[in-house]
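Geometric and topological summary
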Amino acid sequence: MSTADIPILASAATLASVLNAVDDGFLLLDASDRVVWFTQPVLTFFPYLKDHLQPGVAFSDLIDRDVEAKRHSRFPKEADTWRDRRMEAHGRPRGRVDERLTNGRWVRVVDHTTADGGRIIHYRDVTEDRRNVDDAARFTVLLHSTMDNISQGICAYDGNWRLLTWNSRFFDLLDLPTTFASAGTPMADIVRHLASQGEYGEGNAGELANEVIQMVRTTPGTIYERLNRAGRLMEVRIKPLPEGGVVIVYEDISARQEAQRALQQSEERYALAAAGSNDGLWDWDLATNSIFLSQRWKEMLGHTDEDIGDGAEEWFSRIHPEDVQRVTAQLDAHLSGAVGNFESEHRVRHRDSTYRWMLVRGLAVRDESSHAYRIAGSMTDVTDRKRVEEQSIHDALHDNLTGLPNRTLFLERVRQAMARHRRNPSASFAVVYLDLDRFKVVNESLGHVHGDDLIIAAARRLEHNLKFGDTVARLGGDEFAMLLEDVADKNEALSLCDMLQKALATPFTLSGKEIFATASMGAAHSTEAYGRPEDILRDAELAMYKAKELGKAQAVAFDANMRGTTVTPLDMETDLRRALERGEIALRFQPIISLATGRIQGFEALARWTHAERGDVPPSDFIPLAEETGMIVELGQWVLRRACEQMVSWRDKFPFKVPLEMSVNLSSRQFNQYDLVRMVTNSLEGTGMDPSCLKLEITESALMENAHLSAQMLQDLKSLNIQVCVDDFGTGYSSLSYLHTFPIDTLKIDKSFVQDMGRNRHNLEIVRTISLLAQNLRLDVIAEGVETPEQLAQLRAIGCGYAQGFLFSPPLDVAGVERLLGENRSW
């Protein structure tokens with residue numbers, strides 16, 4: 001080596017050091033395509049060539065080993081084509097190819113010839129560059145896909161006002177031919193075409209086009225609406241681009257404008273309805289618990305619009321505490337889907353702290369899964385109607401002259417006292433029957449007006465001298481009855497009678513005259529174990545007459561000898577127990593008439609006892625005895641089964657167009673039997689009677705003895721498709737309270753109201769009120785005890801649905817019923 005070659009070698013070594021320090025790799029081949037020299041990064045890219053890459057190795061051998069490595073990598077399919085692609089690039093003067101390495105990264109291979117006929121190969125990692133390019137490509141595809149799937153038409157022009165990009169909706173909305181769908185199309189060409197087609201309205205197309213072009217080029221950004229040539233309303237948004245040019249967005253807003261117009265009209269109608277309605281309107285968003293209350297809603301409670309907010313508590317906090325639980329249950333039942341609509345009558349507090357009766361109706365809005373998310377409705381003030389109803393009920397149960405309870409209400413109070421006594425024998429009581437002595441003399445001497453004044457004054461004095469919880473009632477004329485609670489025995493009852501006698505001894509002043517009054521009183525005590533309230537009142541009356549016989553102005557306790565009968569209760573009980581075995585009990589059937597058609601709707605089954613020696617025994621004598629002794633359960637089972645058997649027999653013998661119903665009475669003792677439902681089911685299945693043709697009649701007092709158990713029992717009966725009727729409606733103490741609680745079908749108006757309709761206006765009004773109440777609650781009404789054509793006419797006039805009584809027919813035996821059915825009569 002000459003000294004002249006030393007600087008050259010030093011320079012080559014320096015260059016090799018520099019190239020080894022960079023990330024790119026270099027490979028030098030001689031003219032025979034063999035390795036001369038390479039840098040270290042080449043082995044970084046191809047670590048599997050470590051033992052093979054050295055000077056003198058043929059380049060083709062390196063490619064073979066590269067292909068073999070690819071076959072065992074994650075990308076074996078690339079091995080099949082890689083050799084041909086690589087050698088094809090290697091054969092060109094300047095070849096370039098991207099190669100995916102076995103580790104997944106990418107290198108760009110630049111392969112070109114040198115001046116001496118060899119090759120220099122440059123390897124560079126381009127993984128990140130390719131990723132960026134791929135991301136950009138994906139973004140471009142996503143952008144174009146998004147633009148082609150939106151409802152707006154979009155186009156963009158560059159700084160030279162040539163079409164840059166667009167979507168298909170742009171051409172659809174403007175009805176442009178596809179010849180314009182080319183990048184670089186001048187905006188002026190598109191605008192002039194649209195103007196010539198009338199897109200911008202009538203006028204000179206050239207002038208219109210110039211105006212549009214000038215506006216687009218100079219606007220700082222704008223939004224406007226215009227009608228296109230098809231009459232559709234378009235919204236156009238123009239926004240300049242920072243580097244020049246604009247983006248224009250077109251949207252067909254015809255449907256939106258129509259929806260807004262419809263919404264505005266709907267809101268106007270709602271506002272007019274709310275302003276013109278006498279009802280208050282409300283709309284409750286259940287998700288946010290906010291509630292809209294109309295101005296009228298607030299005015300009904302004496303408030304201004306600003307007094308009440310939009311929280312649901314504004315309504316619920318004003319509901320009467322006694323009504324909250326019921327309202328909540330009714331609302332929950334509707335929201336859960338158990339009932340079709342929400343309807344509730346309850347009391348709401350007015351601004352003056354009084355309570356007003358409101359009828360609130362509502363309907364829930366539900367999502368696809370039937371979940372309620374909103375409920376809206378109205379509120380109607382029904383205070384006046386409720387007052388009329390309550391007054392009518394009050395008048396029917398109270399004496400018009402004194403305001404005291406009348407006989408009906410008094411007997412109901414006694415019935416309740418008897419029920420308490422049965423549950424708790426220590427809750428004893430007494431009934432006192434009082435008759436004013438010599439009242440006829442006062443009436444004849446001072447006149448009926450002052451006679452009435454004496455009755456009123458005596459009523460007030462009796463009231464003031466009874467303890468809280470006791471009841472005094474006027475039975476008629478100068479007769480009063482008193483229910484004295486917590487009276488231990490007859491002696492205590494007589495002591496209380498003496499106290500009342502002293503109270504009446506103070507003279508009354510009538511028409512300027514002092515009038516002295518005394519009274520004859522009879523007392524009967526609960527220790528006699530009475531079965532009916534009428535019985536204890538009867539015995540108190542007998543004792544009162546005994547007091548009159550003994551000289552008046554005194555009180556006498558009832559003694560069993562006063563009944564004056566040779567038949568003892570023990571004899572009656574023994575005979576009753578044998579009556580079924582002897583066949584002395586028979587059924588009679590009284591028809592129930594539909595007042596709409598005048599034809600028979602069904603029958604009520606009634607038990608009758610014909611004693612072998614004493615003849616017919618009144619039901620008022622043996623039914624209470626059966627109830628008291630428990631025989632009523634066996635008797636009731638017999639009546640139910642025989643009634644079902646008879647109805648099935650008539651069904652087969654007389655093919656009715658409309659199936660007849662059979663009504664059967666249930667006593668309170670039967671109703672409280674735990675196996676009542678099983679007994680009824682056995683009777684139906686054993687006779688083959690249709691359950692929907694059976695109607696069970698239950699008295700108010702039986703229902704109210706245990707309201708919770710009654711509700712469950714009625715629900716079980718209703719599940720069998722059996723109808724339920726409340727017997728003697730209007731005589732109970734809680735006639736209205738249970739109508740919201742119990743699942744009943746029919747109300748039967750007590751005959752005491754019906755038979756006195758012609759003479760007593762208040763009785764007529766209570767029958768009318770009950771009929772209207774039943775219609776509102778979708779219940780049937782039966783009026784019993786109809787005896788005259790006038791009563792029938794009155795019932796039809798007030799809309800009563802059904803009636804029974806001696807006007808149509810007395811209770812009949814089987815043969816009598818079949819004759820009646822054969823006649824096919826109508827009334």
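Residues numbered from 1 in each chain as written. Predicted model: local features only at pLDDT ≥ 70, side-chain atom pairs only at ≥ 80, totals over all residues. Heavy atoms only, no water.

Our next topic: the overall build of the protein chain. Summing up its helical and strand segments, the protein chain has 29 helices and 31 strands in all. For a compact globule of 827 residues, the expected C-alpha radius of gyration is about 28 Å, and the protein chain comes in at 51 Å, more than 25% above that figure. Considered along the principal axes of its C-alpha atoms, the protein chain spans approximately 170 × 70 × 60 Å. Going through the 827 residues of the protein chain one by one, you find that 45% of them count as buried. (Helix = DSSP H or I, 4+ residues; strand = E, 2+ residues; numbered from the N terminus. Rg over C-alpha atoms; globule rule 2.2 N^0.38 Å. Buried < 20%, exposed > 50% of the residue type's maximum accessible area, 1.4 Å probe, protein only.)

Below, the discussion takes up the confidence of the model for the protein chain. Mean pLDDT over the protein chain works out to 88, with 93% of the residues at or above the 70 mark. Counting interchain partners and residues more than four positions distant, the pLDDT-below-50 stretch residues 1-10 has two contacts. Every residue in residues 565-569 is under pLDDT 50, and counting partners more than four places away or in other chains gives four contacts. (pLDDT = per-residue confidence, 0-100. Contact = heavy atoms within 4.5 Å.)

Here helix α7 (residues 187-196) crosses helix α8 (residues 205-218) at 135°, and the two axes come no closer than 8 Å. In this view, α7 runs oblique relative to α8, as classed from their interaxial angle. Here α7 runs over α8; the crossing is right-handed. For the pair formed by α7 and α8, the contact residues are M187, A188, V191, R192, A195 and S196 on the first element and A205, A209, N210, V212, I213, V216 and R217 on the second. (Axes fitted to C-alpha atoms, helices over the stretch in contact; angles between N-to-C directions. Parallel < 35°, antiparallel > 145°, perpendicular 65-115°, else oblique. Left-handed = near helix turned anticlockwise from the far one by under 90°.)

On to the pairing of strand β15 (residues 372-381), then. In the sheet, strand β11 (residues 280-285) pairs with β15 via six bridges, with the strands oriented antiparallel. Its bridge partner lying in β15, G280 is registered against M379. Sheet topology places strand β14 (residues 355-366) next to β15; nine bridges connect them, and they run antiparallel. Among the inter-strand pairings, L359 is bridged to a residue of β15, identified as T380. Here β14 hands over to β15 after five residues, with S370 in that stretch at a positive phi of 65°. (Pairing = 2+ DSSP bridges.)

Let's shift gears to the environment of D575. Mapped onto the elements of the fold, D575 is located in helix α19 (residues 569-582). Taking the C-alpha atoms as reference, D575 lies 14 Å from P619; in sequence the two are 44 residues apart. When residues no more than four places from it in sequence are discounted, the contact partners of D575 are W609, H611 and R614. Here the side chain of D575 touches H611 through a polar contact of 2.8 Å, side chain to side chain. (Polar contact = N/O pair within 3.5 Å; in protein donor to acceptor, adjacent residues only side chain to side chain.)

This part takes up the pattern of salt bridges. A complete count under the given rule lists 54 salt bridges for this structure. Ionic pairing is found between E99 and K70, a salt bridge with its closest N-O pair at 3.0 Å. On the criterion of sequence distance, the pair formed by E99 in strand β3 (residues 94-100) and K70 in helix α3 (residues 59-71) is long-range, its members being 29 residues apart. On the accessibility criterion, E99 (1% relative accessible area) is buried. (Salt bridge = Lys/Arg side-chain N within 4 Å of Asp/Glu carboxyl O.)

Below, the discussion takes up the packing of aromatic side chains. Going through the model one piece at a time under the given rule, you end up with 14 aromatic pairs. Ring geometry for W284 and W315: centres 6.5 Å apart, planes at 75°, overall edge-to-face. With W284 in strand β11 and W315 in helix α11 (residues 313-316), this pair connects stretches of sequence that are 31 residues apart. Like W284, the residue W315 is buried in the burial classification. Joined through ring pairs, the aromatic side chains of W282, W284, W315, F316 and F342 make up one cluster. Above the ring of F75, the side-chain terminus of R100 is found at 4.1 Å from the ring centroid. The ring of W106 carries R130 above its face, with NZ or CZ at 3.7 Å from the centroid. (Phe/Tyr/Trp six-rings, centres within 6.5 Å; stacked < 30°, edge-to-face > 60°. Lys NZ or Arg CZ within 6 Å of the ring centre and 35° of its normal.)

Turning next to the pairing of strand β1 (residues 25-29). A large share of β1 lies buried, amounting to four of its five residues. In terms of strand pairing, β1 meets strand β5 (residues 119-125) through five bridges, oriented antiparallel. Residue pairing across strands places L27 opposite I121, the latter belonging to β5. As defined by bridge partners, β1 adjoins strand β2 (residues 35-38) across three bridges and the pair is classed as antiparallel. By the bridge assignment, L28 is partnered in β2 with W37.

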